[in-house]
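The residues making up each chain are set out below.
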Amino acid sequence: MSSRPVPLIPPGLRAFLVRVPLLVPIVRFLRRGPLGRDRNLLITLIVLTVVIAGLAARVSMEWFSPALMIPITLVGGLQLRLRSLAKLLCAVAAALLYVGVARGVGHIGPGLLVTFGFTTVLAALMARTRGKLGVQGLRGDAMLLELRDRLKNQSELPPLPKDWDSRVVLKQAGGSSFGGDFLVSMREGDTVELALVDVSGKGVDAGTRALMLSGTFGGLLGSVDDFLPACNTYLHRQREAEGFVTAVHVRLNLVTGEYVITSAGHPPVVKFEAGTGTWRVSPAKGVVLGIVPDLHCEPDRGTLRKGEALMLYTDGLIEQPGRDIDAGLDRLLGEAERLLPSGFRDGARNLVTSMSAGHNDDCALILIWRP
């Protein structure tokens, strides 16, 4: 048995509207989708402005100060479209003029007028930005937070077997949530693939491009045999060059420990060898992505045994103004010796903090090892 639908308008209210036909077109006018919500809020804010102006002019300036119109203006900047905000600002200006005439110009001091002017400019900028984004209220900030969380989740390595372990440390320039360094990874059966990518620039300036490329590179990873050449082909097809992109790709067999490292203009991967207790620099190299139409990479193949580790990083850890990059690499390998007493997992964050001290740049470090 099907239940009867619940009416949108209660019968009592519907009967009242039928008796007063003039209210029907008004209700329809106020309920026209998003424009209706914008119009309703505009009417509410204008009514509040008029009420505050009337009470300030006729009752008390102390209890009903014209400064109460400042939060009304801010709410309009956060919620109204630019055209509706202009109407609200006209109403606020008229209300201030009315209070000034009724109470005397001296009651509206220059400090209050300056505050209203600053608030008006701020509200207009917020409404203009939201108009370009096509969002209402704080939805734009919520979208950025969601993108940040997605990028953060994507930068986590997939679960590894119990005889493997890993550590990922990302540090963006200026404490920002977005940066030019990102990681993409996937696991299929006994094979895990990961790629560390560095987009030119730092902080928020490189963050927007990194967000776009992280989705593209994440889709290519595991879908093609030659990951870096496929990324190079994609970037080379772009009409406008927006700076260089470097990347390093590792394909690792979790059963045998065999790995293949390919690099495209990225700082070399280093391997900790348990037999000698030293770090060895990988010879894998290649050209920066997007420069040449056909990318040729010289891979490095090997086997990761018990007690050995691979360390991937970006140039933010070894590059410093006025210093040679080889000197930065030597310093990194020297600081990496400090990982041994406390273990790879506990020492990774300390290594990034030590190497990034004194300069402001995006930094990333990935360690994967067999305990």
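Residues numbered from 1 in each chain as written. Predicted model: local features only at pLDDT ≥ 70, side-chain atom pairs only at ≥ 80, totals over all residues. Heavy atoms only, no water.

Student: Help me understand the overall build of the chain, please; the structure alone is not making it clear to me.
Tutor: Within the chain, the regular secondary structure consists of 12 helices and 10 strands. In the chain, which comprises 371 residues, the proportion classed as buried is 40%. A fraction of 69% describes how many contacts in the chain between residues 6 or more apart in sequence connect residues 24 or more apart. (Helix = DSSP H or I, 4+ residues; strand = E, 2+ residues; numbered from the N terminus. Buried < 20%, exposed > 50% of the residue type's maximum accessible area, 1.4 Å probe, protein only. Contact = heavy atoms within 4.5 Å.)

Student: Looking at this structure, how should I read the state of the cysteines?
Tutor: A disulfide bridge is the covalent bond that connects two cysteines by way of their sulfur atoms. By the definition in use, this model includes zero disulfides. Here Cys231 is not disulfide-linked; the sulfur of Cys297 is the nearest cysteine sulfur, at 10.0 Å. (Disulfide = S-S within 2.5 Å.)

Student: So what exactly am I meant to see when it comes to the pattern of salt bridges here?
Tutor: A side chain of one charge can pair with a side chain of the opposite charge if their charged atoms are brought near each other. Enumeration according to the criterion identifies four salt bridges in this entry. Residue Arg280 is joined to Asp300 by a salt bridge in which the shortest nitrogen-to-oxygen separation is 4.0 Å. Note that Arg280 is positioned in strand β7 (residues 278–281) and Asp300 in strand β8 (residues 300–303), a separation of 20 residues in sequence. The partly exposed category is assigned to Arg280, whose relative accessible area is 29%. According to the relative accessible area criterion, Asp300 is buried, its value standing at 7%. (Salt bridge = Lys/Arg side-chain N within 4 Å of Asp/Glu carboxyl O.)

Student: Can you help me understand helix α10 (residues 325–336) in this one?
Tutor: For α10, with 12 residues, the first-to-last C-alpha span of 16 Å sits near the 16 Å given by 1.5 Å per residue. Buried within α10 we find Gly328, Leu329, Leu332, Leu333, Glu335 and Ala336. Considered in projection along α10, the buried side chains sweep an arc of 165 degrees and stay on one side of the axis. (Expected span 1.5 Å × (residues − 1). Arc of directions from axis to C-beta.)

Student: Just checking my understanding: could you explain the pairing of strand β6 (residues 270–273) for this structure?
Tutor: Residues in a regular strand point their side chains to alternate faces of the sheet. Here four bridges tie β6 to β7, and the two strands are oriented antiparallel to one another. Residue Glu273 lies in a different strand from β7, and its bridge partner there is Thr278. Taken together, β6 and the strand that follows it, β7, pair antiparallel across an intervening segment of four residues, in which Gly277 is found at a positive phi of about 70 degrees. Two elements, β6 and strand β9 (residues 309–313), share three bridges in a ladder whose sense is antiparallel. (Pairing = 2+ DSSP bridges.)

Student: I would appreciate a short explanation of the packing of helix α4 (residues 69–79) against helix α5 (residues 82–103) in the present structure.
Tutor: For the pair α4 and α5, the least separation of the axes is 10 Å and the interaxial angle reads 170 degrees. By the angle class used here, α4 and α5 are roughly antiparallel. Across the interface between the two elements, Met69, Ile72, Thr73, Gly76 and Gly77 of α4 pack against Leu85, Leu88, Leu89, Val92, Ala95 and Leu96 of α5. The class makeup of the residues in the contact of α4 with α5 is eight nonpolar, three polar and no charged. (Axes fitted to C-alpha atoms, helices over the stretch in contact; angles between N-to-C directions. Parallel < 35°, antiparallel > 145°, perpendicular 65-115°, else oblique. Nonpolar A, V, L, I, M, F, W, Y, C, P; charged D, E, K, R; others polar.)

Student: What is the right way to read the environment of Pro159 from this model?
Tutor: Looking at the element boundaries, Pro159 is found in the loop between α7 (139–154) and β1 (165–171). By relative accessible area, Pro159 is classed as exposed at 66%.

Student: Would you explain α4 in this entry?
Tutor: The α-helix advances 3.6 residues per turn, and as a result positions three or four apart in sequence lie on the same side. Looking only at α4, the buried set comprises Met69, Ile70, Ile72, Thr73, Gly76 and Gly77. All buried residues of α4 fall inside an arc of 160 degrees around its axis, so they share one side.

Student: How do you make sense of the packing of aromatic side chains when you look at a structure like this?
Tutor: For any pair of aromatic rings, the description consists of the separation of the ring centres together with the inter-plane angle of the planes. Evaluation of the coordinates by the stated rule reveals three aromatic pairs. Consider the rings of Phe217 and Phe227, whose centres lie 6.2 Å apart with planes at 85 degrees: the pair is edge-to-face. Taken together, the positions of Phe217 in helix α8 (residues 203–220) and Phe227 in helix α9 (residues 227–237) put the pair 10 residues apart, joining distant regions of the chain. Since its relative accessible area comes to 2%, Phe227 is described here as buried. Here the aromatic cluster, defined as three or more aromatic residues joined through ring pairs, consists of Phe182, Phe217 and Phe227. (Phe/Tyr/Trp six-rings, centres within 6.5 Å; stacked < 30°, edge-to-face > 60°.)

Student: Is there a simple way to think about the sheet that holds strand β4 (residues 245–253) in this case?
Tutor: Within a beta sheet, neighbouring strands are joined by backbone hydrogen bonds and run either parallel or antiparallel to one another. A sheet is described by the order of its strands in space; here five strands give the open sequence β2-β3-β4-β5-β8, paired in antiparallel fashion. Looking along the sheet, the strands with just one partner apiece sit at the ends: β2 (181–188) and β8. Within the sheet, the average angular offset between the axes of one strand and its neighbour, ignoring direction, is 15 degrees. Note that strand β5 (residues 258–264) and β8 share four bridges and pair antiparallel. Paired with Val260 across the bridge in β8 is Arg301. On the sheet, α9 packs against β3 (191–199), β4 and β5 and is oriented at approximately 155 degrees with respect to β4.

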